[in-house]
Amino acid sequence: MSLGLRGATAFAPATVANVAVGFDILGFAVEAAGDRVRVTRAKEPSVTILEITDDAGAPFGPGIPLDPSRNTATVGLSALLEERRLDFGFEVSISKGIALGSGLGGSAASAVAALVAANALLERPLAAEDLMPFALLGEQAASGAIHPDNVAPCLLGGLTLVTSLSPFRCVRLPVPREILTVLVHPRLRVDTRGARRLLRAEVPLADLVKQTASLAGFVAGCYTDDLELIRQSLRDHVVEPQRATLIPAFAEVKAAALAEGALGASISGSGPTVFAWVASPEAAERVRHSMLRAFMEHGGAEADSWVSPVSEHGARVLNEE
Ligand code: HSE
């Protein structure tokens, strides 16, 4: 029973958006990292940020606004407060486990964790899907655009395909059980707002044809467990070529992944993390090492790496007070 709770802490996972074939509509949750947000009740109906730390509890460096009207974790809370006409407010402590500008859905994770924690304090909590519009406000504050491809899997878990933004509709796609994701994050920052600005507004018809074939082939491959079809389809003909220069040695890192048997490799969200899909734990280790080596040798960048299945689990409440 949530009535009377003083506070709650929620965790929201890192996510890979776009997945090469579904710019702004496709994404999946991973077990790599995540953000934690503690929300406690305040007397006045307003939102305050108490602190922002890293996941070890140290103060988080500059780069995240403390002003609740500009912070991705809190803009959704203010809208929730207003829409539900709540007579109490929220005090928020954010613990960032996802590096800023990493392409792993950090802004979505903060927004979603804050909403899931706050939702636990409501007398009549909303269904997870109904938190979507509020979480999207956080994404808008972060990148200037409403894109649901991180928020949907972050909130709901799994591999999600958003088929409509308004009204929000989304399908959870099956993932062949062998699939593992390799993630390699060079310690650099890419600003999503800037990475969106550099995209051309128009897509040549020939690229549209190739891209729709890739998306359709990928979805069909997921439904039929056809790894070869996924291998043929996991390609981005539109966005990746325009953003590749944002990531040092992207071409070499991708080639290293494919040479070691990855089904496909591309940019995670707006980067600089690069993800690869592989079909066995052995392939995952080979691909991970060769991507790390390529980043180091050709890009001169230290990198962090993870291997994770597509996580079934979206954001969840960790504890209630
Ligand atoms: N679809 C978004 C983009 C994801 O690529 O700009 C950002 O994480």
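Residues numbered from 1 in each chain as written. Predicted model: local features only at pLDDT ≥ 70, side-chain atom pairs only at ≥ 80, totals over all residues. Heavy atoms only, no water.

### A word on the overall build of the protein
Note the threshold: The secondary structure listing takes helices from DSSP runs of H or I that are at least 4 residues long and strands from runs of E that are at least 2 residues long, numbered from the N terminus. C-alpha atoms define the radius of gyration in this analysis, and the globule rule sets the expected value at 2.2 Å times the number of residues to the power 0.38. Two residues qualify as a contact provided that any one of their heavy atoms is within 4.5 Å of a heavy atom in the partner residue. Neither His nor the chain termini are counted; the positive set is Lys and Arg, and the negative set is Asp and Glu. In plain terms, the charge of a residue is placed at NZ if it is Lys, CZ if Arg, CG if Asp and CD if Glu.
If you tally the helices and strands in the protein, you get 10 helices and 11 strands. Relative to a compact globule of 321 residues, whose C-alpha radius of gyration would be 20 Å, the protein shows 19 Å and is just as compact. Counting only C-alpha atoms, the protein reaches 60 × 40 × 35 Å along its principal axes. Relative to all contacts within the protein whose residues are 6 or more apart in sequence, the contacts with residues 24 or more apart total 74%. Here the protein contributes 28 positive and 36 negative side-chain charges, whose respective centroids are spaced 2 Å apart.

### Points about the site of the ligand
Let me state the cut-off plainly: Nearness here has a simple test: a residue counts as near a molecule or strand if at least one of its heavy atoms is within 4 Å of that partner. Two N or O atoms count as a polar contact when they lie within 3.5 Å, although within protein this holds only if one can serve as hydrogen donor and the other as acceptor, and sequence-adjacent residues are included solely when both atoms are side-chain atoms. We get accessible surface area from the Shrake-Rupley algorithm with a probe of 1.4 Å; when it comes to residues, only the shown protein chains can shield them. We place a 1 Å grid over just the protein atoms. Points where a 1.4 Å probe fits but has no way out form a cavity, open points with protein on both sides within 12 Å along at least 5 of 7 lines form a pocket, and any residue with an atom within 4 Å of a point lines it. Cavities and pockets are treated as containing a molecule whenever more than half of the molecule's atoms lie within 2 Å of their grid points.
Inspection of the region around the ligand gives Ala-17, Asn-18, Phe-23, Asp-24, His-147, Asp-149, Asn-150, Thr-192, Arg-196, Arg-243, Gly-269 and Ser-270 as its neighbouring residues. A distance of 2.5 Å separates a nitrogen atom of the ligand from a polar side-chain atom of Asp-24. Compared with its free state, where it exposes 260 Å², the ligand has 97% of that area covered by protein. A majority-of-atoms criterion places the ligand in the largest pocket.

### Some remarks on the domain arrangement of the protein
Operational definition: Here the bounds of each domain stem from an automatic or database domain assignment. Here the quantity called buried area is the accessible surface, traced with a 1.4 Å probe, that two parts lose on coming together, added over both. What counts as a salt bridge is simple: a side-chain nitrogen of Lys or Arg found within 4 Å of a carboxyl oxygen of Asp or Glu.
Domain boundaries assigned for the protein yield domain 1 (7–173) and domain 2 (180–308). With centres defined by C-alpha atoms, the gap from domain 1 to domain 2 works out at 25 Å. The partner domain 2 presents 34 residues to the 35 residues of domain 1 that form the contact. For the domain 1 and domain 2 pair, buried surface summed over both sides reaches about 2500 Å², with 64% attributable to carbon and sulfur atoms. On the domain 1 side of the contact with domain 2, Ala-20, Val-21 and Phe-23 bury the most area, a combined 23% of that side's loss. At the boundary of domain 1 and domain 2, one finds one salt bridge. For the salt bridge of Arg-196 with Asp-24, the shortest nitrogen-to-oxygen distance reads 2.7 Å. Our count for the contact surface shared by domain 1 and domain 2 stands at 12 residue pairs in polar contact (both at pLDDT 80 or more).

### Comments concerning the pairing of strand β8 (residues 264–267)
Put simply, the test is: Being paired, for any two strands, means DSSP has found at least two bridges between them.
With four bridges joining them, β8 and strand β9 (residues 274–278) adopt antiparallel strand pairing. Residue pairing for β9: Ala-265 is matched across the bridge by Ala-276.

### Examining empty space enclosed by the protein
Inclusion rule: Grid points are joined across faces, edges and corners, and a volume is the space filled by probe spheres set on the points.
Using the criterion set out here, one finds one cavity of 30 Å³ or more in the structure. Roughly 40 Å³ of volume is contained in the largest cavity. Lining the largest cavity, in full, are Asn-18, Ala-20, Asp-236, Val-239, Glu-240, Arg-243, Ser-266, Ile-267 and Gly-269.

### Focus: the packing of helix α1 (residues 72–83) against helix α3 (residues 132–143)
Threshold: Here an axis means a line fitted to C-alpha atoms, over the contact stretch when the element is a helix, while the angle between two N-to-C directions is reported on a 0 to 180 degree scale. In these notes the angle categories are as follows: under 35 degrees is roughly parallel, over 145 is roughly antiparallel, 65 to 115 is roughly perpendicular, and the rest is oblique. Handedness of a crossing is defined here by the sense of rotation of the near helix relative to the far one, left-handed for an anticlockwise turn of less than a right angle and right-handed for a clockwise turn. Here the nonpolar group is Ala, Val, Leu, Ile, Met, Phe, Trp, Tyr, Cys and Pro; Asp, Glu, Lys and Arg are the charged ones; every other residue, Gly included, is treated as polar.
Running from N to C, α1 and α3 cross one another at 140°; their axes reach a closest spacing of 7 Å. It follows from the interaxial angle that α1 and α3 lie oblique. Here α1 runs over α3; the crossing is right-handed. Counting all contacts with α1, which are made through Thr-72, Val-75, Gly-76, Ala-79, Leu-80 and Glu-83, the residues of α3 involved are Phe-134, Leu-137, Gly-138, Glu-139, Ala-141 and Ala-142. Residue classes in the contact of α1 with α3 are distributed as seven nonpolar, three polar and two charged.

### Let's talk about the pairing of strand β7 (residues 180–186)
Quick reminder of the rule: The buried label goes to any residue with under 20% of its type's maximum accessible area, the exposed label to any with over 50%, and the partly exposed label to all in between, with areas taken from a 1.4 Å probe on protein chains only.
Taken across its seven residues, β7 has seven buried, putting it largely inside the fold. Where burial is concerned, the two faces of β7 agree: the one with Leu-180, Val-182, Val-184 and Pro-186 and the one with Thr-181, Leu-183 and His-185 are both buried. In this sheet, β9 lies alongside β7 in antiparallel orientation, the contact comprising five bridges. Across the sheet, residue Leu-183 finds its bridge partner in β9, namely Phe-275. Where β7 lies against strand β10 (residues 303–308), six bridges are found, and the strand directions are antiparallel. In the sheet register, Pro-186 faces β10, and the bridge partner there is Ala-303.

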